[in-house]
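Breakdown of the fold
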Amino acid sequence: GMDNTEADPVNPPACADGEDNDGDGAIDWPDDQECRAAGDRDERVSCEATDDVIAVGMDGGVFEYDTSDGRQNLYSSTCASNATSPEQAFELTLSGPARVTAEITAFNGDSSLHMRTICDDAAAQVECDDDGGEGLLSRLSFNRLEAGRYFFFADGFGANNAGPGTIEFTIEALEVPECTDEQDN
């Protein structure tokens, strides 16, 4: 996650601490490719279990995917009968606060959609949806997400829902309040 506060931390974030925390020979942002900013608290690759992660930026967009290509289930969830079907991971990187909607708009089966703040940590799940979209399709909507990285998983209900699908990310940037007290707080 990102360090979004104005306070100077007692321990600087991993991407600004002058150390090679992940052992790849590169030290901190911008030299370490895994660091997205100096405030990034982790120098590791975003998802350890898979390198098949589709990047989503502040412009959002429509993305096609196919989970029936022989992949295994790597990320389960707290809804949709644990969503143990194969999934497609998406990494949304927000440069500032935004209103975010992620919606599976096409899937040949019963979809599910879950979001985490840390890709490989099931305890970092923020939200999970089964059938919040049209019919058996899934939808997550957040009135405000702060700058940082978020991981969305287009998945299927239970263990036997895999196939081609389409997901749409709608991102609306929100204003950042200006600092008016002239203090580093």
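Residues numbered from 1 in each chain as written. Predicted model: local features only at pLDDT ≥ 70, side-chain atom pairs only at ≥ 80, totals over all residues. Heavy atoms only, no water.

The strand order 2-9-4-7 describes an open sheet built from 4 strands, whose pairing is antiparallel. What marks the edges here is a single partner per strand, and that holds for strand 2 (61-66) and strand 7 (139-145). Averaged over all neighbouring strand pairs, the angle between strand axes comes to 15°, with direction disregarded. Direction of pairing for strand 4 (residues 98-107) relative to strand 7: antiparallel, over a ladder of 5 bridges. Note that in strand 7 the partner of Ala-102 across the bridge is Leu-140. (Pairing = 2+ DSSP bridges. Helix = DSSP H or I, 4+ residues; strand = E, 2+ residues; numbered from the N terminus. Axes fitted to C-alpha atoms, helices over the stretch in contact; angles between N-to-C directions.)

Taken in spatial order, the 5 strands make up an open sheet running 1-3-8-5-6, and their pairing is mixed. Looking at which strands have only one partner, the edges of the open sheet turn out to be strand 1 (53-56) and strand 6 (125-129). Direction aside, neighbouring strands of the sheet carry axes that sit 20° apart on average. In this sheet, strand 8 (residues 148-156) lies alongside strand 5 (residues 111-116) in antiparallel orientation, the contact comprising 6 bridges. Looking across to strand 8, one finds that Ser-111 is bridged to Gly-156.

Should the charged atoms of two oppositely charged side chains come close, the side chains can pair. One pass over the full model with this rule turns up 6 salt bridges. Of the charged contacts, one joins Asp-69 and Arg-71 as a salt bridge, the two residues approaching to 2.9 Å between their closest N and O atoms. Linking Arg-139 and Glu-103 is a salt bridge whose minimum nitrogen-to-oxygen distance equals 3.5 Å. Remark: Glu-103 occurs in strand 4 and Arg-139 occurs in strand 7; sequence separation between them is 36 residues. A single network of salt bridges, built from pairs that share partners, joins Asp-52, Asp-69 and Arg-71. (Salt bridge = Lys/Arg side-chain N within 4 Å of Asp/Glu carboxyl O.)

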